[in-house]
Amino acid sequence: MLRAVVLVASFIGLVYSCTDIEDPIKRDEGEGPWNVSRVQRLNNGRNGKLVAVDLSSHPLPNTFYEGDSYVLQYSVRAGRKPDVIYYWQGSGSSRWEKGASAILTVQLDNDNGGVAKQARVVMGEEPGHFLKMFDGAFVTLLGGVDRERVDQDTDGTMLFKVTSECNTKGDKKPLTRTNQVPEQRGSVNANDVFILKTPSKLYIYEGQGASAEEKATAQKVVASLYPGQTPVASSGANPSAAFLAALK
């Protein structure tokens, strides 16, 4: 979408700004060890805890739910205490979860000697270093968990949007993010790349305005979420008829 947005912005006289989010760690490629936990409210309604993320709660790898908040510890190499602790806040995360993610991050850092950088990450504003930790395959999902009540997509059909944003920080490479969106025809446009998973098929649609970064990231995401499956690819001004037929 990057090139198309810049052209449209210029045409209508708008100023299109790039991200100005700094990486908390410089000159690091995100290849060190990390672990992530989800913020969960206890039954008393006041206190919270960190619950380790695993395939039982997140069957699709490298995914966070937009209705939750997470705390991620990263070290530049094995054997070190965390160099940075990210607390990621989903767009649908509650005020309590967002506040608890910050509090639990401070507590976690204190337990490790207070040596880490603490970095708040708002969904959709992930810095380059954060995305590198997932090798570009980071994905946000619709839904979340609140006091053991699970709200997740279970109908077997999922639509993902891959879009890029220009970047003026660090290596200045575009930042490309992947988000699950409602599986509706209105969610699709010709400026981005879309991944569609149905109970029986896997599709990729590359819009005619999609960037090279979006196309490359979509391939990484497919390999991460659905290893061993070969997508049916289409490109151009419109998705294939089969792609559209699977949407509402």
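A few points on the structure.

Procedures and definitions
- Residues numbered from 1 in each chain as written.
- Predicted model: local features only at pLDDT ≥ 70, side-chain atom pairs only at ≥ 80, totals over all residues.
- Heavy atoms only, no water.
- Core = buried A, V, L, I, M, F, W, Y, C linked by side-chain atoms within 4.5 Å.
- Buried < 20%, exposed > 50% of the residue type's maximum accessible area, 1.4 Å probe, protein only.
- Helix = DSSP H or I, 4+ residues; strand = E, 2+ residues; numbered from the N terminus.
- Polar contact = N/O pair within 3.5 Å; in protein donor to acceptor, adjacent residues only side chain to side chain.
- Contact = heavy atoms within 4.5 Å.
- Pairing = 2+ DSSP bridges.
- Axes fitted to C-alpha atoms, helices over the stretch in contact; angles between N-to-C directions.

Core analysis: the biggest nonpolar cluster contains 35 residues, and Phe 64, Leu 72, Tyr 86, Trp 88, Phe 130, Phe 160 and Ile 195 have the highest contact counts within it. For this core, the element with the highest residue contribution is helix α4 (residues 212-225), accounting for four residues. By size, the runner-up hydrophobic cluster in this structure holds ten residues, among which are Val 188, Ala 190, Tyr 203 and Phe 243.

A few words on the side chain of Ser 75. Summarising the element assignment, Ser 75 is placed in the loop between β4 (69-74) and β5 (84-89). Engagement of the side chain of Ser 75 in a polar contact is seen with the backbone oxygen of Lys 81, the distance being 3.3 Å. In this structure, Ser 75 is in contact with Gly 32, Pro 33, Arg 80, Lys 81, Pro 82 and Asp 83, ignoring residues within four places of it in sequence.

The subject of this paragraph is the sheet that holds strand β2 (residues 48-52). Strands sit in the order β2-β1-β4-β5-β6 across an open sheet of five strands; the sheet is mixed. What marks the edges here is a single partner per strand, and that holds for β2 and β6 (117-122). Neighbour-to-neighbour, the strand axes of the sheet open up by a mean angle of 25°, direction not taken into account. Alignment of strand β1 (residues 34-41) against β2, held across five bridges, turns out to be antiparallel. Residue pairing across strands places Arg 41 opposite Gly 48, the latter belonging to β2. Along the sheet face, helix α2 (residues 95-111) touches β1, β2, β4, β5 and β6 and points at about 170° away from the line of β5.

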